[in-house]
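For reference, the chains in residue letters:
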Amino acid sequence: MDTKARNCLLQHREALEKDIKTSYIMDHMISDGVLTILEEEKVKNEPTHQRAAMLIKMILKKDNSSYKSFYYALLHEGYKDLAALLQDGIPDVCSSSGKDSVAIASYVRTVLCEGGVPQRPVVFVTRKKLVSAIQQKLFKLNGEPGWVTIYGMAGCGKSVLAAEAVRDNSLLEGCFPGGVHWVSIGKQDKSGLLMKLQNLCTRLDQDESFSRRLPLNIEEAKDRLRILMLRKHPRALLILDDVWDPWVLKAFDNQCQILLTTRDKSVTDSVMGPKYVVPVESGLGKEKGLEILSLFVNMKKADLPEQAHSIIKECKGSPLVVSLIGALLRDFPNRWEYYLRQLQNKQFKRIRKSSSYDYEALDEAMSISVEMLREDIKDYYTDLSIFQKDVKVPTKKLKTYCRSL
Ligand SMILES: Nc1ncnc2c1ncn2[C@@H]1O[C@H](COP(=O)(O)OP(=O)(O)OP(=O)(O)O)[C@@H](O)[C@H]1O
Ligand SMILES: [Mg+2]
């Protein structure tokens, strides 16, 4: 271990020994691979009041990664003040060391967990180009207030991409050392927005050092948020997921750095400061689609039945649709042909599965976009339709229409 780290640990040994409960801290260190089960046993065999002392004695004999793992374990377990004592001793990152990368992963996990950033979906494929496009825009904010908007249609993967973009050590350390804070916005009325803001203020002021009273209205909440971000969380990133209304953004138009996801790219039209956009227009390619299906059904890509290829074609690159079908096929492995037919016949209601995604079926996710259209343009959506929904159409009639096209 570096002398600097060792000295820091020795200097604050007493405070650490007095306050920490070892069992959860050791869980983190074991999962980071810097502490063994035997060592854990050894600590547990000590009388309760001497366990922390034993753990620290062990760490002092270990390397830099163990120090970092201990530091992040303290952070993760809510010993922020004690972690702060060790901050100056954190050794420089050396990416060639396997254990260091473990400690980095642990740091990233802690920051994202504290900020309420959702985890990856159970079945996940990378989308490197889009992720790095988002990261580049975030770097461009350069520590100054501004907006990065990820926009695209329902289920194209915006929220997953936003979470993935901040799952990056260099971005977190370099651009947002104050952390990241995820807020799921969704469609809101005034009282809904106030509640979101109150929750966010509580989260940003957990020790209530700023105020014990919740803000009473949106204006007060906006002021509170500005001060909290400025004084308690400088250089932090707010992530506003699933924004529908421009007026909602006024409450956050507050000299903050913001990443947001939306289906409507005009939501930031009336906010101040630099704005960058990342469109999610390209869907998943065929190979990524097949990869999702193969992971869901636990088969090699080459062994997937021939319907898999047609299903991917029908999904038109939508990660949501591929994942819905994959999850259904995991439960009903004999239904490849059935789901292919449902897709071909656009029977989206039958493609339904509850998951962490906000909607259970594709038609729900899409129809909400139509509902949100302005009244005067909503009719255009159905202008070109010639038959009522769910009405049986005789072939003869259809032929007549086709002939006249
Ligand atoms: N990279 C990915 N790998 C695997 N599955 C993904 C990926 N991205 C998205 N999905 C699947 O698609 C679903 C929808 O993704 P996501 O919630 O990011 O869409 P969205 O664009 O934010 O939709 P909405 O406009 O409704 O908010 C996820 O729940 C997940 O199942
Ligand atoms: Mg979303």
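Just so it is clear, the model here is predicted, and its values are computed rather than measured. (Residues numbered from 1 in each chain as written. Chains lettered and ligands numbered in written order. Predicted model: local features only at pLDDT ≥ 70, side-chain atom pairs only at ≥ 80, totals over all residues. Heavy atoms only, no water.)

Draft legend 1. Looking closely at the overall build of the protein. In terms of regular secondary structure, the protein is built from 21 helices and five strands. Relative to its 405 residues, the protein shows a buried fraction of 44%. Expressed as a percentage of contacts within the protein between residues at least 6 apart in sequence, the contacts between residues at least 24 apart total 66%. Element-wise, carbon and sulfur atoms account for 51% of the exposed surface of the protein, whose accessible area totals about 22,400 Å². Put simply, the protein has 61 plus and 52 minus side-chain charges, and the middle of one group is 5 Å from the middle of the other. (Helix = DSSP H or I, 4+ residues; strand = E, 2+ residues; numbered from the N terminus. Buried < 20%, exposed > 50% of the residue type's maximum accessible area, 1.4 Å probe, protein only. Contact = heavy atoms within 4.5 Å. Areas by Shrake-Rupley, 256 points an atom, 1.4 Å probe, with all protein chains shown as cover. Lys, Arg positive; Asp, Glu negative; His and termini not counted. Charge placed at Lys NZ, Arg CZ, Asp CG, Glu CD.)

Draft legend 2. Representation of helix α3 (residues 22–31) in the model. All of the buried residues in α3 are Thr22, Ile25, Met26, His28 and Met29. Projected down its long axis, α3 carries its buried residues within an arc of 155°, all on one side. Exposed and oriented more than 90 degrees from the buried face of α3 are Tyr24 and Ser31. Considering only its buried residues, α3 is in contact with α4 (37–44), α5 (51–60) and α6 (64–76). Following α3 by one or two positions, glycine 33 has its phi on the positive side, about 75°. (Arc of directions from axis to C-beta.)

Draft legend 3. Local environment of the packing of aromatic side chains. With the rule as written, the count across this model stands at three aromatic pairs. For the ring pair tyrosine 72 and tyrosine 107, a centre distance of 5.0 Å and an interplane angle of 45° mean the geometry is tilted. Of the two residues, tyrosine 72 is situated in helix α6 and tyrosine 107 in helix α8 (residues 98–114); the sequence distance between them amounts to 35 residues. By relative accessible area, tyrosine 72 is classed as buried at 6%. Through pairs of rings, three or more aromatic residues link up here, namely Tyr71, Tyr72 and Tyr107. Across the ring face of tryptophan 244, the terminal group of lysine 187 is positioned such that the distance to the ring centre comes to 5.5 Å. Sitting above the plane of the tyrosine 338 ring, arginine 335 keeps its charged end 5.5 Å from the centroid. (Phe/Tyr/Trp six-rings, centres within 6.5 Å; stacked < 30°, edge-to-face > 60°. Lys NZ or Arg CZ within 6 Å of the ring centre and 35° of its normal.)

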